[in-house]
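Summary of the model geometry
Each chain, written out:
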Amino acid sequence: MYCDVNNQLYFIFLKPILSEAQHINKLFQSNTADRTKLLDDLVLCIGGLARKVVTPDCRANLLEVIIKDYLHPRPYLGSEFEEKCRSLKIRPEAENILRGTMINFIINLVTELQKGFQII
């Protein structure tokens, strides 16, 4: 199960995203963090994640927009993920399912981060 190609692709996709999320989380847990830097980091995180799945011509405010309204039909999900997909030559149907799951993950993560941003 752990050697499954799909799981390997999920891990490749999630690694940079979870690394950034952990970094942001640690900053927010700190008692001595600069609030301005926290805000900047959160804004950069939300924007970076949203830009992964929205169309390049999206000019909406990524901190407030419902990104489902601006989705790219086939977003670029990172060089390591894209290269691994090509090298494994997985079926197009399976790749579409993987991509859909990953895109939904980003949409949900951005939505939750946007909610946190509105609280600040």
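Structure report, in brief. (Residues numbered from 1 in each chain as written. Predicted model: local features only at pLDDT ≥ 70, side-chain atom pairs only at ≥ 80, totals over all residues. Heavy atoms only, no water.)

**Examining the pattern of salt bridges**
Put simply, the rule reads: Whenever Lys or Arg places a side-chain nitrogen within 4 Å of a carboxyl oxygen from Asp or Glu, that contact is recorded as a salt bridge. Helix numbering and strand numbering both begin at the N terminus, where a helix is a DSSP run of H or I of at least 4 residues and a strand a DSSP run of E of at least 2. Throughout, exposure labels follow a simple rule: accessible area from a 1.4 Å probe, protein chains only, divided by the maximum for the residue type, with under 20% read as buried, over 50% as exposed, and the rest as partly exposed.
Under the definition given, this model contains 6 salt bridges. R74 is paired through a salt bridge with E95; the nearest N and O atoms lie 2.7 Å apart. One end of the pair, R74, is in the loop between α2 (35-53) and α3 (79-88); the other, E95, is in helix α4 (residues 92-119), and 21 residues separate them in sequence. Relative accessible area serves as the criterion here: at 11%, E95 is assigned to the buried category. Ionic contacts of the salt-bridge type, sharing partners, join the residues R74, E82, E95 and R99 into one network.

**Notes on the nonpolar core**
To keep things clear, this is the line we draw: We define a nonpolar core as any set of buried Ala, Val, Leu, Ile, Met, Phe, Trp, Tyr and Cys residues linked to one another through side-chain atoms lying within 4.5 Å. Residues are treated as being in contact if the distance between any of their heavy atoms lies within 4.5 Å.
Counting 29 residues, the largest nonpolar core has I67, F81 and I106 as its most contacted members. Elements represented by at least two residues in this core include exactly α1 (5-29), α2, α3 and α4. The biggest single contributor to this core is α4, with 8 residues. In this view, I106 contacts F13, I17, L49, K52, V53, I67 and L77; residues no more than four positions away in its chain are not counted.

**Details of the side chain of D41**
Summarising the element assignment, D41 is placed in helix α2. With near-sequence residues (within four places) excluded, D41 lies in contact with H23, I24 and L27.

**Considerations on the packing of aromatic side chains**
What counts is decided by this rule: Whether two aromatic rings pair depends on their centres lying within 6.5 Å, for rings of Phe, Tyr and Trp, where Trp uses its six-membered ring; planes under 30 degrees apart make the pair stacked, over 60 edge-to-face, and the rest tilted.
Inspection of the entire model under this criterion finds 1 aromatic pair. Residues F13 and F105 carry aromatic rings whose centres are separated by 6.4 Å and whose planes lie at 80° to one another, so their mutual orientation is edge-to-face. Of this pair, F13 sits in helix α1 while F105 sits in helix α4, and the two are 92 residues apart along the sequence. A relative accessible area of 4% places F13 in the buried class.

**Details of the environment of Y70**
Turning to its location among the elements, Y70 is positioned in the loop between α2 and α3. Accessibility expressed as a relative area gives 31% for Y70, which makes it partly exposed. Separated by 15 residues in sequence, Y70 and T55 have C-alpha atoms that sit 6.1 Å apart. Ignoring any residue separated from it by four or fewer positions in sequence, one finds Y70 in contact with V53, V54, T55, C58, A60 and V65.

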